[in-house]
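Observations on the model geometry
Read off the chains here:
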Amino acid sequence: MHAIVERVVLYDSPVSGNCYKVRLLLARLGLEVERRTVSVSDRSNRPELLGGLNPALRVPTIVLDDGRALGESGAIMWWFGEGTQFVPADRFERAQMFQWMFFEQYDHEPAIAVARFLLAYSERPRVDFEGRLDGLLASGYKALDAMEAHLVDRDWLVGDRMTLADIALYAYTHVAEEGEFDLGRYEAIPRWLERVAAQPGD
């Protein structure tokens, strides 16, 4: 397990699911964090703010108490999660955990997060992106269908307890309706969302 950090600075956005994943994991682990809010719409100060910390200029970005910086939600989650109850001891289950985390970034987030941002947070008129919505909704439902099929006979995405995979996919799934995804058409996903939300530390 990595050394315990005493102080973490998180460059954060309250509306970003990628940032929420990190905050949720830190809360589950009982770690305190100093949050510095970054706008997701006005990126004009990103080079000045994050240029020396994260070459991609994205949030979340963390700075550890020794000054080292790390970006990308999956990498940050792995840094804090390794050696904890949120990472399976079994090697194959760890690989499955990463499989679902990669699925979240490649299939789930690009559709559900983008639809949510455009509809709820972009402050742009719907006519500007109306042509994109059908494709985003189709892709998002495909990802949700895959989750539903997997969760129909299990409590967690991997193994018999919550892992980083559940935290990663919870972030944008629990607010998917802000992107006009109807979670009422599913049975297993809402039950899984309730299980994740009920875990201590949020």
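Look above for the structure.
Residues numbered from 1 in each chain as written. Predicted model: local features only at pLDDT ≥ 70, side-chain atom pairs only at ≥ 80, totals over all residues. Heavy atoms only, no water.

**A look at the pattern of salt bridges**
Summed over the entire model, instances satisfying the criterion amount to 11 salt bridges. In this structure, R126 and E130 form a salt bridge, with 3.1 Å as the shortest nitrogen-oxygen distance. Across the pair D155 and R195 runs a salt bridge whose closest N-O atoms are separated by 3.6 Å. Placement of D155 in the loop between α5 (130–151) and α6 (164–173) and of R195 in helix α7 (residues 188–198) is noted, with a sequence separation of 40 residues between them. Assessed through its relative accessible area of 44%, D155 is described here as partly exposed. (Salt bridge = Lys/Arg side-chain N within 4 Å of Asp/Glu carboxyl O. Helix = DSSP H or I, 4+ residues; strand = E, 2+ residues; numbered from the N terminus. Buried < 20%, exposed > 50% of the residue type's maximum accessible area, 1.4 Å probe, protein only.)

**Focus: unusual backbone geometry**
Backbone torsion omega between V59 and P60 reads 5 degrees, so that peptide bond is classified as cis. The phi torsion at E72 lies on the positive side, around 75 degrees, for a residue other than glycine. Position of E72 relative to the elements: it lies in the loop between β4 (69–71) and α3 (73–81). Phi at E180 is positive, roughly 70 degrees, even though this residue is not glycine. Its place among the elements puts E180 in the loop between α6 and α7. Classification of E180 by relative accessible area gives partly exposed; the value is 40%.

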